[in-house]
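# Residue-level structural notes
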Amino acid sequence: MRILYLLFAVLLLLFQAAPGSADPIFADTTECRSQGNFCRAGACPPTFAVSGSCHGGLLKCCSK
């Protein structure tokens, strides 16, 4: 019976999806990240400025 718990854990690790792999690829998101910037849902941190949009205009692209 103990082997079933181990087998279940191994199966979960094998079939685990990579984070973000299910997200659709948007052109504005790849452009933002290729320039070394990042996407954020809210306002950009104090030392960063908004330089565009991500995820089809839903997020903001923050740059230094």
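For the structure given in this document, a descriptive report is provided here. Note that the coordinates shown come from a computational prediction; the quantities given were computed from them, not determined experimentally. (Residues numbered from 1 in each chain as written. Predicted model: local features only at pLDDT ≥ 70, side-chain atom pairs only at ≥ 80, totals over all residues. Heavy atoms only, no water.)

### A few points about helix H1 (residues 2-14)
Our working rule: A run of H or I in DSSP counts as a helix once it spans at least four residues, and a run of E counts as a strand once it spans at least two, with each numbered from the N terminus. Expected span of a helix: the number of residues minus one, times 1.5 Å. To sort residues, take the accessible area from a 1.4 Å probe on protein chains only and compare it with the maximum for the residue type: under 20% means buried, over 50% means exposed, and anything in between is partly exposed.
In this model H1 runs 19 Å from its N-terminal to its C-terminal C-alpha over 13 residues, within 8% of the 18 Å that 1.5 Å per residue would give. The element H1 is barely covered by neighbouring structure, given that only zero of its 13 residues are classed as buried.

### Remarks on the state of the cysteines
By definition, a disulfide links the sulfur atoms of two cysteine residues through a covalent bond. Short version of the rule: Sulfur atoms of two cysteines make up a disulfide when they are within 2.5 Å.
Inspection of the entire model under this criterion finds three disulfides. Shown here is the disulfide that connects Cys32 with Cys61, its sulfur atoms set 2.0 Å apart. As the torsion about the S-S bond is roughly 90 degrees, the Cys32-Cys61 disulfide counts as right-handed. Placement of Cys32 in helix H2 (residues 27-34) and of Cys61 in strand S3 (residues 59-63) is noted, with a sequence separation of 29 residues between them. Grouping residues by exposure puts Cys32 and Cys61 together as buried. Paired by a disulfide, Cys44 and Cys62 hold their sulfur atoms 1.9 Å apart. On the S-S bond that ties Cys44 to Cys62, the torsion sits near -85 degrees, and the link is left-handed. Pair noted here: Cys44 is in the loop between strand S1 (38-40) and strand S2 (49-54) and Cys62 is in strand S3, with a separation of 18 residues, a long-range link. By sequence-ordered numbering of the bonded cysteines, the protein has its disulfides arranged as 1-5, 2-4, 3-6.

The analysis is restricted to geometry; functional conclusions fall outside its scope.
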